[in-house]
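Notes for the structure review
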Amino acid sequence: MAQKKVALACTVCGSRNYTIDANPNRTHRLEVKKFCKFCGQHTLHRETR
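Residues numbered from 1 in each chain as written. Predicted model: local features only at pLDDT ≥ 70, side-chain atom pairs only at ≥ 80, totals over all residues. Heavy atoms only, no water.

**Re the pattern of salt bridges**
What counts is decided by this rule: In what follows, salt bridge is the name for a side-chain nitrogen of Lys or Arg lying within 4 Å of a carboxyl oxygen of Asp or Glu. The numbering of helices and of strands both runs from the N terminus, where a helix is a DSSP run of H or I of at least 4 residues and a strand a run of E of at least 2.
In this structure the tally under the stated criterion is three salt bridges. Of the charged contacts, one joins Asp21 and Lys5 as a salt bridge, the two residues approaching to 3.2 Å between their closest N and O atoms. Of this pair, Asp21 sits in strand E2 (residues 16–21) while Lys5 sits in strand E1 (residues 5–10), placing them 16 residues apart in sequence. Glu31 serves as the salt-bridge partner of Arg46, at 2.7 Å between the closest nitrogen and oxygen. With Arg46 in strand E4 (residues 41–47) and Glu31 in strand E3 (residues 31–36), this residue pair connects regions lying 15 residues apart in the sequence.

Shown next, in the form of structure tokens:
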């Protein structure tokens, strides 16, 4: 069975820069500090559904 993909969106500009495999056991949305190429800096990225 294929895993479901989820996008990580920048909280500053809203662009979806990264994709990850969804974990069905996780109950809260993932928040990671990653580099946004549109903002040009490390910003908080949240999981979108």
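**Let's talk about the pairing of E1**
Under the convention used in this document: Only protein chains enter the calculation, and the probe is 1.4 Å; a residue is then buried if its accessible area is under 20% of its type maximum, exposed if over 50%, and partly exposed in between. The criterion for strand pairing is that DSSP finds at least two bridges linking the strands in question.
Where burial is concerned, most of E1 is hidden: five out of the six residues are buried. Counting the residues between successive antiparallel strands, the hairpin from E1 to E2 contains five residues, one of them, Gly14, with a positive phi of roughly 85°. Direction of pairing for E1 relative to E4: antiparallel, over a ladder of three bridges. Across the sheet, the residue bridging to Leu8 is Glu47, located in E4.

**Side note on the packing of aromatic side chains**
Under the convention used in this document: Here the aromatic set is Phe, Tyr and Trp, taking the six-membered ring for Trp, and pairing holds for ring centres within 6.5 Å; pairs whose planes are under 30 degrees apart are stacked, those over 60 apart are edge-to-face, and all others are tilted. In our convention, an over-ring charge means Lys NZ or Arg CZ found within 6 Å of a ring centre and within 35 degrees of that ring's normal.
Evaluated as defined, the whole model comprises zero aromatic pairs. In this structure, Lys34 packs its charged tip against the face of Tyr18, placed 4.6 Å from the ring centre.

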